[in-house]
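The chain contents come next:
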Amino acid sequence: MMQLKKIIPLLLFLIPVGLHAQNVQISGHVSGFAPKSLVRVLVYADQFSQLEKTLATTQTDSTGNFHLSLPVRAVTYAMLAVNLKRTGFYLKPEAVYHFKIAQDSLIRNASPFEEIPLQVQMEAEDDSLNMHIEAYDSVYNKLMVNHFRDIYQFHNREILKSFEAKAKRMFGYVKSPYFQLYMRYSMASMVWGSRAKSLAEIVAAYFVGKPVLYQNIQYTEFFNDFFQSYFESTVKKPVSRYKLLSVIPQRNLKNLDELFASDPALATDARVRQLVEMTRLAGYYSSHGFDRKDIKVLFGQIAKESHFPENREVARDYLIKLKILEPGTSAPAFRLPDFMGKEFSLKDFRGKFVLLSFINTQCPVCNRQLNELADMSQKLGADFTNLTIVKGKVTSGFMQKARLTNRGWPFLLLGKSILLLEKYQIVTYPAYVLIDPRGRISLAPAPMPDGDLQQRIAARINAYKKRGQN
């Protein structure tokens, strides 16, 4: 079953050949954040892999104001971030944007365990692009709330026809090609869900023989959702998991492409077919039975040998994205002070397994789990240590609890090193990452202490010792 459409979706960012970059002006006022807060504009290097890319960076001044100027060649979904909190909007060449940003900690009933999106008001001189998308998304999401089961469970096609007519009446006058295609592929999801077309008919109507809309969010979002399910359908398909288990280990791109080309719906469009192949390879990357090295070799071949430059770029981005926090890769480095100002880094603990615990000072669960970590540390012995990284305002009460819990491992203050949380992909608290004695990722994310964390660490310690004895 498909999920509800995101109110603010994501966008592929590839620079079209032949278009000249035009500057975009972004300014704003931030209230409730400290002066010199980090302000960034981020996009996706490409929508298929969703590898993040920072376009511009600045800081707020003493009064909370900021300004950025950056070149943009095509309509691009972007994320404006103040420190780690974000909001989404669409960049358009030559457009001007102004944001009024409030401190989100004032929101009532907010969870202390995760980052809250920025609360913003945006004024845009962009030919009303953001306004049109926001208005359409509002109508679409209202339909989903009221008729999701009717469309996706009972396959009521009359609702689809009624919505198509309504959208045409409300937004048919909008001249933006980007927006019109945005609507087309948004409604394609409902065509699929209502079974108004067969799977093969959907492939023919929206993908094969059609331009690949690398830059349109709804195209790439629908593409990924559809082809992740296409080969899992009850209809017998030439490309099955069983066949991929045989073909992928061959590390031969030609053989892989021949397998996907055996599906009649994909046989005639090599560009689309290759994007489908990458979607499936990425989907099986962490799946039992598949060797990650085999999949990386195939991505490497696409990155070098594809006849389509855009596909080569997508493959390169997948290779980078799939390696982030992968076991065996170097753990992101840091140097942080403890409560007394003494600095520590991962290098100080080489030779031991290190469990990084990321906690928020406002998180009661974090405090309880620190006691469990103390017990676990004693049982695992000298080959293991904890290392806690603390985010948030450190009060005297928190420091007292930390001293009572601390059984010999450092508590480090994150302070302004907030990008470390992005490097370790920390979005909720508490969160755990296990580092091996050589400073490499062993488990990311690691399970909670009340799960099987101790057993998994003990197994890795024993395996590491055996390798050292051989």
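These numbers come from a predicted model, not from an experiment. (Residues numbered from 1 in each chain as written. Predicted model: local features only at pLDDT ≥ 70, side-chain atom pairs only at ≥ 80, totals over all residues. Heavy atoms only, no water.)

### Thoughts on the packing of helix H8 (residues 270–283) against helix H10 (residues 309–323)
Relative orientation and spacing of two packed helices are given, respectively, by the angle between their axes and the distance between those axes.
Right, on to step 1. At their nearest, the axes of H8 and H10 sit 10 Å apart, and the two run at 5 degrees to each other. Considered as vectors, H8 and H10 are oriented roughly parallel to each other. Here Arg271, Gln274, Leu275, Met278, Thr279 and Ala282 of H8 come into contact with H10, specifically with Glu310, Asn311, Val314, Ala315 and Tyr318.
Right, on to step 2. The residue inventory of the contact of H8 with H10, partitioned by class, reads six nonpolar, three polar and two charged. (Axes fitted to C-alpha atoms, helices over the stretch in contact; angles between N-to-C directions. Helix = DSSP H or I, 4+ residues; strand = E, 2+ residues; numbered from the N terminus. Parallel < 35°, antiparallel > 145°, perpendicular 65-115°, else oblique. Contact = heavy atoms within 4.5 Å. Nonpolar A, V, L, I, M, F, W, Y, C, P; charged D, E, K, R; others polar.)

### Focus on the pattern of salt bridges
Right, on to step 1. In total, this model carries 15 salt bridges according to the counting rule given.
Right, on to step 2. In this structure, Arg292 and Glu326 form a salt bridge, with 3.6 Å as the shortest nitrogen-oxygen distance. Separated by 34 residues along the polypeptide, Arg292 in helix H9 (residues 292–305) and Glu326 in the loop between H10 and strand S9 (335–337) bring together distant segments of the chain.
Right, on to step 3. Residue Glu326 is classed as buried on the basis of its relative accessible area, which comes to 6%.
Right, on to step 4. Asp383 is the salt-bridge partner of Lys465, the closest N and O atoms lying 2.8 Å from each other. In this pair, Lys465 is assigned in helix H14 (residues 453–469) and Asp383 in the loop between helix H11 (364–380) and strand S12 (384–391), connecting sequence segments 82 residues apart.
Right, on to step 5. The network of salt bridges with common partners includes Arg40, Glu52, Arg86 and Glu422. (Salt bridge = Lys/Arg side-chain N within 4 Å of Asp/Glu carboxyl O. Buried < 20%, exposed > 50% of the residue type's maximum accessible area, 1.4 Å probe, protein only.)

### Some points on the sheet that holds strand S11 (residues 353–360)
Right, on to step 1. Pairing in this open sheet of five strands is mixed, and the strands run S13-S12-S11-S14-S15 from one edge to the other. Edge positions in the sheet fall to strand S13 (411–413) and strand S15 (441–443), since each has one partner strand and no second. Each strand axis lies, on average, 30 degrees off the axis of its neighbour in the sheet, ignoring direction.
Right, on to step 2. Strand direction decides the pairing type here: strand S14 (residues 431–435) and S15, joined by two bridges, are antiparallel. From the neighbouring strand, Leu434 faces S15, where its bridge partner is Leu443.
Right, on to step 3. Relative to the sheet, H11 contacts S11, S12, S13 and S14, its axis offset from that of S12 by approximately 165 degrees. (Pairing = 2+ DSSP bridges.)

### Looking at the sheet that holds strand S1 (residues 22–30)
Right, on to step 1. Judged by pairing direction, the sheet is mixed, and its four strands sit side by side in the order S4-S1-S7-S8 without closing on themselves. In this open sheet, the two edge strands, each paired with only one partner strand, are strand S4 (65–72) and strand S8 (119–125). On average, each strand axis in the sheet is inclined to that of its neighbour by 20 degrees, with strand direction left out of account.
Right, on to step 2. Note that strand S7 (residues 96–102) and S8 share seven bridges and pair antiparallel. Counterpart to Val96 in the pairing with S8 is Glu125.

### A word on the environment of Trp409
Right, on to step 1. Its location among the elements puts Trp409 in the loop between helix H12 (396–405) and S13.
Right, on to step 2. According to the relative accessible area criterion, Trp409 is buried, its value standing at 2%.
Right, on to step 3. For the pair Trp409 and Ser233, spaced 176 residues apart in sequence, the C-alpha to C-alpha distance is 51 Å.
Right, on to step 4. At 2.9 Å, the side chain of Trp409 forms a polar contact with the side chain of Thr388. (Polar contact = N/O pair within 3.5 Å; in protein donor to acceptor, adjacent residues only side chain to side chain.)

### Topic: the pairing of strand S2 (residues 38–44)
Moving residue by residue along a regular strand, the side chains alternate between the two faces of the sheet.
Right, on to step 1. Among the seven residues that make up S2, seven are buried, leaving the element largely enclosed by the rest of the structure.
Right, on to step 2. Taking every second residue as pointing to the same face, both faces of S2 are buried, with Leu38, Arg40, Leu42 and Tyr44 on one and Val39, Val41 and Val43 on the other.
Right, on to step 3. Judged from the seven bridges that link them, S2 and strand S3 (residues 52–59) form a sheet pairing that is antiparallel. Residue pairing across strands places Arg40 opposite Thr57, the latter belonging to S3.
Right, on to step 4. In terms of strand pairing, S2 meets strand S5 (residues 76–82) through four bridges, oriented antiparallel. What sits directly across from Val41, in S5, is Leu80.

Interpretation in functional terms is not warranted from these geometric data alone.
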